[in-house]
Amino acid sequence: MNSTPATPEPPASPDAVQSAWEAAYQRFETPEQEIRKFISRLNEMGQAAWPRDARVVEIFCGRGNGLHALTRLGFTRLEGVDYSPALLHRYSGPAACTVADCRALPFPDASRDILIVQGGMHHLPQLPEDLDRVLAEVVRVLVPGGRFMVIEPWLTPFLRFVHWAAFFPPARKSWDKLDALATMTELERVTYEQWLGQPELLLERIRRPFEVERCATTWGKLRFVGRKPG
Ligand SMILES: C[S@@+](CC[C@H](N)C(=O)[O-])C[C@H]1O[C@@H](n2cnc3c(N)ncnc32)[C@H](O)[C@@H]1O
């Protein structure tokens, strides 16, 4: 019998956590699956009525599949912002992409027509302060009447079921997508749980600066479109 105490795992560096998260994210769905998902969400959110030459920025754009979806829908003036050079590097398309922190957007006041976030704000470390910073930046950068579209995870009964399934070992073992989801959830647990744990406060903060066009919390997602008063 070995009586040597187990050596504790050294804490993972932030870069190692980020790389592991990015690897799981890329395993979760193929780019084509993600683009189709984004097109279907944009349809639901009313994109058909938005001008094709609107100046659109996808914030927290990651590897840019939301930008590909917007290109396929005919939008011609696209930009993306994300703080991961590794993910942005994977994007190749017509949008101009910038490595930056979405808490300080690299755009002048009142210079863009539509800002979009699809699953980024739940990564913010300090809530509600960082959310307030992002929202203040969105409002600053949008023109009066400009739109802000948000899709973020939301703790509905469906999401509770998905979490249960993702952490049910036989299910996780037999379905790689579920394992990738569980891995991402583990690696972003602190910010993810912080985000899911205060829905009323966060929703009030998101709605407050805007005239609300759409707002629903179903199937594990917040779906929101608001316009900057103008
Ligand atoms: C779930 S991914 C979103 C993926 C994206 N919608 C796509 O199409 O690939 C979250 C993204 O937010 C980025 N991110 C997290 N915090 C950020 C911040 N403060 N500023 C900019 N990007 C951030 C991460 O690098 C990651 O790409």
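The coordinates are above.
The rules behind the values
All residue numbers refer to position in the chain's written sequence, counted from 1. Local features in this predicted model are restricted to residues of pLDDT 70 or higher, and side-chain atom pairs are both shown and tallied only at a pLDDT of 80 or more, whereas totals for entire chains, interfaces and linings draw on every residue. Processing note: side-chain calculations cover all non-hydrogen atoms of the structure and skip hydrogens and water entirely. Here a helix means four or more residues in a row that DSSP labels H or I, a strand means two or more in a row labelled E, and each is numbered from the N terminus. Note that the radius of gyration is over C-alpha atoms, with the globule rule given as 2.2 Å times the number of residues to the power 0.38. Think of it in three bands: with a 1.4 Å probe and only protein chains considered, a residue is buried below 20% of the maximum accessible area for its type, exposed above 50%, and partly exposed in between. Note on definitions: a residue-residue contact is assigned when non-hydrogen atoms from the two residues lie within 4.5 Å. Per-residue and other accessible areas were derived by the Shrake-Rupley procedure at a 1.4 Å probe size, with only the shown protein chains allowed to occlude residues. Under the convention used here, Asp and Glu are negative, Lys and Arg are positive, and both His and the chain ends fall outside the count. The location of each charge is read from NZ of Lys, CZ of Arg, CG of Asp or CD of Glu. Strand pairing is defined by DSSP finding a minimum of two bridges between the two strands. Definition of nearness: a residue and a molecule or strand are near each other if at least one heavy atom of the residue lies within 4 Å of the molecule or strand. We call two N or O atoms a polar contact when they sit within 3.5 Å, provided that within protein one can donate a hydrogen and the other can accept it, with sequence-adjacent residues counted only if both atoms are side-chain atoms. Seen with its strands pointing away from the viewer, a crossover is right-handed when the path leading from the first strand over the helix to the second is clockwise.

A. Examining the overall build of the protein more closely. Along its length, the protein carries ten helices and seven strands. Since a compact globule built from 230 residues should have a radius of gyration of about 17 Å, the 19 Å found for the protein is in line with a globular shape. A buried classification covers 48% of the 230 residues belonging to the protein. Relative to all contacts within the protein whose residues are 6 or more apart in sequence, the contacts with residues 24 or more apart total 68%. Surface accessibility of the protein: about 11,600 Å² in total, with carbon and sulfur atoms responsible for 57%. Side-chain charges in the protein split into 28 positive and 28 negative, and the spacing between the mean points of these groups amounts to 5 Å.

B. Spatial organisation of the pairing of strand β7 (residues 221-227). Burial of β7 is extensive: five of the seven residues sit out of reach of the surface. Relative to β7, strand β5 (residues 142-153) runs antiparallel, the two being bridged by seven bridges. Considered in β7, the bridge of Pro-153 is made with Lys-221. Pairing analysis gives seven bridges linking strand β6 (residues 211-218) to β7, with the strands arranged antiparallel. What sits directly across from Thr-218, in β7, is Lys-221. Turn length for the β6-β7 hairpin, with the two strands adjacent in sequence and antiparallel, is two residues, and the turn residue Trp-219 shows positive phi of about 50°.

C. Structural detail: the site of the ligand. Contacts to the ligand come from 22 residues, most closely from Tyr-25, Asp-82, Cys-102, Gln-118 and Gly-119. Asp-101 has a polar side-chain atom sitting 3.0 Å from a nitrogen atom of the ligand. Within the backbone of Gln-118, one N or O atom sits 2.9 Å away from a nitrogen atom of the ligand. In isolation the ligand has 600 Å² of accessible area, and contact with the protein removes 96% of it. Contributing elements (two or more residues each) for the shell around the ligand: α1 (14-28) and α3 (65-72).

D. Examining α3 more closely. Of all the positions in α3, only Asn-65, Gly-66, Leu-67, Ala-69 and Leu-70 are classed as buried. On its buried face, α3 is in contact with α2 (31-44), β1 (55-59), β2 (77-82), β3 (96-99) and β4 (112-118).

E. Layout of unusual backbone geometry. Residue Pro-128 is bonded to the preceding Leu-127 through a cis peptide linkage, with omega at 5°. Within the secondary structure, Pro-128 is located in the loop between β4 and α5 (129-141). A positive phi angle, near 45°, is found at Ala-110, a position not held by glycine. With respect to the helices and strands, Ala-110 occurs in the loop between β3 and β4. Judged by its relative accessible area of 38%, Ala-110 is partly exposed. In this model, Trp-219 sits at a positive phi of 50°, which is unusual for a non-glycine residue. Within the element layout of this structure, Trp-219 appears in the loop between β6 and β7.

F. Focus on the pairing of β4. Along β4, seven of the seven residues are buried, which leaves the element largely enclosed by surrounding structure. Direction of pairing for β1 relative to β4: parallel, over a ladder of four bridges. Its bridge partner lying in β4, Val-57 is registered against Leu-115. Each parallel crossover has a hand, and for β4 linked through α5 to β5 it is right-handed.

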